[in-house]
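Chains, contacts and geometry: an overview
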Amino acid sequence: MGGYTKGPWKWWMSNSFRRLSGPDGKDGGVICPTVSRSDGHPDLIVRKADMALIESAPDLLEALEAVVRVADRDTVEFNMARAAIAKAKGGS
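For the structure given in this document, a descriptive report is provided here.

Here is what the cut-offs are and how they apply
Residues numbered from 1 in each chain as written. Predicted model: local features only at pLDDT ≥ 70, side-chain atom pairs only at ≥ 80, totals over all residues. Heavy atoms only, no water. Helix = DSSP H or I, 4+ residues; strand = E, 2+ residues; numbered from the N terminus. Axes fitted to C-alpha atoms, helices over the stretch in contact; angles between N-to-C directions. Parallel < 35°, antiparallel > 145°, perpendicular 65-115°, else oblique. Left-handed = near helix turned anticlockwise from the far one by under 90°. Contact = heavy atoms within 4.5 Å. Nonpolar A, V, L, I, M, F, W, Y, C, P; charged D, E, K, R; others polar. Phe/Tyr/Trp six-rings, centres within 6.5 Å; stacked < 30°, edge-to-face > 60°. Lys NZ or Arg CZ within 6 Å of the ring centre and 35° of its normal. Buried < 20%, exposed > 50% of the residue type's maximum accessible area, 1.4 Å probe, protein only. Pairing = 2+ DSSP bridges.

Once that is clear, we can look at unusual backbone geometry. Residue Gly-7 is joined to Pro-8 through a cis peptide bond whose omega torsion reads 5°. Structurally, Pro-8 can be placed in the segment before strand 1 (10–14).

Okay, structure coming up:
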């Protein structure tokens, strides 16, 4: 696939409004605000623990691809790793 925004990703918050940006620096380039607060400002509804997982996704994918590349085996665990990589890249 390759159409996803390459990492690193970083959450930016100003005035408590959340958005996720990539290395291009585009404000909200990965996830843009979708909810309008009562004062009219856009925001995202996302838990703090989910924010950490989402932000680390590019690094996790890169690390998992490296592990499979270096030590690929025909085991249940490596099959799970290959399936997770395919899913992250838009495959089934």
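Moving on from the model shown.
The next thing to look at is the packing of helix 1 (residues 48–71) against helix 2 (residues 76–88). Contact geometry for helix 1 and helix 2: axes closest at 10 Å, N-to-C directions at 140°. What the angle tells us is that helix 1 and helix 2 run oblique. The crossing of helix 1 and helix 2 is left-handed. Between helix 1, through Leu-61, Leu-64, Glu-65, Val-67, Val-68 and Ala-71, and helix 2, the contact on the second element is made entirely by Phe-78, Ala-81, Arg-82, Ala-84, Ile-85 and Ala-88. Of the residues assigned to the contact of helix 1 with helix 2, the class counts are 10 nonpolar, no polar and 2 charged.

What follows covers the environment of Ala-84. Within the fold, Ala-84 resides in helix 2. As a C-alpha pair, Ala-84 and Glu-65 span 19 residues in sequence and 9.8 Å in three-dimensional space.

So, on to the packing of aromatic side chains. Per the counting criterion, the structure on display carries 0 aromatic pairs. Here the basic side chain of Lys-10 rests over the ring of Trp-12, its NZ or CZ set 5.5 Å away from the ring centre.

Let us now look at the pairing of strand 2 (residues 17–21). Along strand 2, 5 of the 5 residues are buried, which leaves the element largely enclosed by surrounding structure. Here strand 2 shows no split at all, with Phe-17, Arg-19 and Ser-21 on one side and Arg-18 and Leu-20 on the other all buried. Taken together, the 5 bridges between strand 1 and strand 2 define a ladder with antiparallel strand orientation. Bridge assignment links Trp-12 to a residue of strand 2, and that residue is Arg-19.

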